[in-house]
Amino acid sequence: MSDAMRDAGVSKDAGASRVGRPGGRGGRGRDGDGRNGVPGDGRRGGLRRVTGTRRWVVVVFLLPALVLLGALVVYPIVFSVYRSLFDASGSGFVGLGNYGEMFSDEGIRTALRNNVVWVVVAPTVSTALGLVFAVLTERIRWGTAFKLVVFMPMAISMLAAGIIFRLVYDQAPERGVANAVWVSVHDTFSDPAPFPGAKPRPRSALRPSGGGGFTTESVVRAGARVDLPLVAVRQDDLRGARPAVAAARRPGVVSGSVWLDFTRGGGGRPGVIDGNEKALAGLRVEAVRGGAVVASATTAADGTFVLPAGAADGARLRLPGANFAAAYHGVEWLGPALVTPAIIGSYVWMWAGFAMVLIAAGLAGVPRELLEAARVDGAGEWQVFRRITVPLLAPVLVVVLVTLMINVLKIFDLVYIIAPGSSLRSANVLALQLFQSSFGTDVDEGLGSAIAVFLLLLVLPVMYVNLRRLRKEPRR
C-alpha cells in the first residue's frame, strides 16, 4: 500500500472518528446538543430543538393558552364532576344519587331517546344529502351557484334559523309555508266540505250518528216530505245562496229541503222556512237501511232534494260527515308526534351545505382516470358512484359523519326556539334538559351537573374516533 493510500485511510478513519464522537464538533446529539441525530451547536446541555427555539420561549408562548384551557375547560369539567355528587343546595353529599335520578326521571329518559334519534338520523341524512349534492354539482354548469345557495344557511345563527322554521311550521296556512304548500296539494285532489262546522238546529229530527254525520230518528215513507234545518253556517259559505224553497210532496218518493234556519235580525219560526232564509245547495243526502246506503241525492240550488221512487221507503235519512268536515288546515308539524322530525329537518337544512363543501373538497382529489376507466369498461353511473366514488370518499365521509354526531349531541338552540311550550317536553334533548335543570324554574344544579357529565361521556368516544382518524391522515 502506498504512502498516499495509507495517508488517505488514516484521514478517513480520523474523520469517521470525529463524526461519530458524541458531542464532537459537527456531530449529532440526543437533544439539541448533538444527541439522537439532531445537529448540535457544540455546547453540552444546550436547550435548542430542531427549530432552534429554546424551551423556555416555547413555554412562555404556550402558557397563556394553557391557562385559558385550564380555566375554561379543565376547571369546569372537574367542578361539574364534583358538583354532581351533591344535592340541589350543594351542602348534602348524595354520591351517585343524581345519576340515579337522571335515569329514573321520565323527562330525561325522553331526552335520551330523542338524542338517539338525533344522532342516528340528522348526521346520516345531512351527510347523504351532502354527498349527493357534491357529486351532482360536478356535472352541471351552474354547480358553483348551487353550492353557494345550499351553503348559505351556514352563514346564519341557530337562533335565526329557529325563528325562520318556527314560522315555516306555523299551523295556519296563511302564515306557515309548509302548511300552505301542503294544503294547496290536498285541496287540489280533495273537494272541500260545502258547509264546514254546520250542525242541526236543536230539537230537530236529526241526531249525531258518528263520523260527524247526522241521521233522522225515525224512518221515512214514500210520499213524505222531510225538512232538515241547519244552523252554525258561516256567512262566507252563503255567498250567492238562493232563498230556500219548501219541497212539494210527491207520491212514491221522499222529498225535502235543507236550509239555514236563521233569520237575520231575529224573528221567524224554528223548523219552518221563513222569508229570506237561505238554501244550502250541494249537500249530500243519503237513505240508509240496515247500515247500508240504498239511495242518495244532492240538494239543488233552492235546497230541495228528491230520493228515487221506492228506494228510501222505510229508510232513515242521513247527512254524512263529509258535508260538515272542518276546513283542512294542514299538518300539525310542531305537535307532540312530529316535532322532533320537524326540528331535525331544520337542522339538515342548515348543515347539508357544510357536508357538501367538505365532501366536494375530497371529491376534487379523486383520480379522474379511475372513473373514466370504469366507464370505458362499461360500468354505469350508479356502479361508478357505488363501487368507486363512495369507497374513495370513505375517509371524508367518516370525518363529516363523526363531526356532525358530536354537533347534534350538543343541540340546544333549535329545539328551544322551534318547539312550542305544549310540545317542548316531547322534543326534549339532553342539552335542553341540562339548561332547564340548571337554570329553569326547578333549579337543581346537582342534577344539571350530572347531566353535563353524562353528556361529556357520550361525546368522548365520538371525539376519540375522530382524533384517531385525524392522526392517521398524515400517514396516508
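These figures come from a predicted structure and were not determined experimentally. (Residues numbered from 1 in each chain as written. Predicted model: local features only at pLDDT ≥ 70, side-chain atom pairs only at ≥ 80, totals over all residues. Heavy atoms only, no water.)

> Please explain the sheet that holds strand 4 (residues 206-208) as it appears in this structure.
Whether parallel or antiparallel, the strands of a sheet pair through hydrogen bonds between backbone atoms. Taken in spatial order, the 5 strands line up as 4-5-11-8-9 in an open sheet, and their pairing is antiparallel. Every interior strand has two partners, whereas the edge strands, strand 4 and strand 9 (292-298), have only one. The sheet shows a mean angle of 30 degrees between the axes of neighbouring strands, direction not considered. As paired strands, strand 8 (residues 284-289) and strand 11 (residues 316-319) are joined by 3 bridges and run antiparallel to one another. (Pairing = 2+ DSSP bridges. Helix = DSSP H or I, 4+ residues; strand = E, 2+ residues; numbered from the N terminus. Axes fitted to C-alpha atoms, helices over the stretch in contact; angles between N-to-C directions.)

> Please explain the pattern of salt bridges as it appears in this structure.
All told, the structure shown has 16 salt bridges when counted by the stated rule. Of the charged contacts in the structure, one is a salt bridge between Glu106 and Arg109, with a shortest N-O distance of 2.5 Å. Of the two residues, Glu106 and Arg109 are both situated in helix 4 (residues 106-136); the distance of 3 residues between them amounts to about one turn of the helix. Arg109 gets classed as partly exposed once you look at its relative accessible area, which sits at 32%. Members of the salt-bridge network, linked through shared partners, are Arg139, Glu372, Arg375 and Glu381. (Salt bridge = Lys/Arg side-chain N within 4 Å of Asp/Glu carboxyl O. Buried < 20%, exposed > 50% of the residue type's maximum accessible area, 1.4 Å probe, protein only.)

> When you look at helix 11 (residues 394-409) in this model, what are you seeing that I'm missing?
For helix 11, which comprises 16 residues, the first-to-last C-alpha distance of 23 Å matches the rise-based estimate of 22 Å (1.5 Å per residue) to within 8%. Considering only its buried residues, helix 11 is in contact with helix 4, helix 8 (339-364), helix 10 (381-392) and helix 14 (445-472). (Expected span 1.5 Å × (residues − 1). Contact = heavy atoms within 4.5 Å.)

> Could you clarify how one ought to interpret the packing of helix 8 against helix 11 in this entry?
Packed helices, taken two at a time, are described by their axes: the angle between them and the distance between them. At a minimum axis separation of 10 Å, helix 8 and helix 11 run at an interaxial angle of 155 degrees. Relative to helix 11, helix 8 is oriented roughly antiparallel. Crossing of helix 8 against helix 11: the hand is right-handed. Contacts from Tyr347, Trp351, Phe354, Ala355, Leu358, Ile359 and Gly362 in helix 8 reach Val396, Leu397, Val400, Thr403, Leu404, Asn407 and Val408 in helix 11. Residues belonging to the contact of helix 8 with helix 11 are distributed by class as follows: 11 nonpolar, 3 polar and no charged. (Parallel < 35°, antiparallel > 145°, perpendicular 65-115°, else oblique. Left-handed = near helix turned anticlockwise from the far one by under 90°. Nonpolar A, V, L, I, M, F, W, Y, C, P; charged D, E, K, R; others polar.)

> Sorry, what's going on with the sheet that holds strand 6 (residues 225-231) here?
An order of 3-6-7-10 is seen for the 4 strands of this open sheet, with the pairing classed as mixed. The sheet is open, and its two borders are formed by strand 3 (199-200) and strand 10 (304-307), each paired with just one other strand. Pairing of strand 3 with strand 6 involves 2 bridges; the strand directions are antiparallel. Note on strand 6: the bridge partner recorded for Pro200 is Leu230.

> Which parts of the structure should I look at to understand the packing of aromatic side chains?
The tally for this structure, following the rule as stated, stands at 20 aromatic pairs. With a centroid separation of 5.3 Å and 75 degrees between ring planes, the pair formed by Trp351 and Phe354 is classed as edge-to-face. Highlighted residues: Trp351 and Phe354, both in helix 8, separated by 3 residues, approximately one helical turn. Of the aromatic side chains, those joined through ring pairs into one cluster are Tyr75, Phe79, Tyr82, Phe86 and Phe93. (Phe/Tyr/Trp six-rings, centres within 6.5 Å; stacked < 30°, edge-to-face > 60°.)

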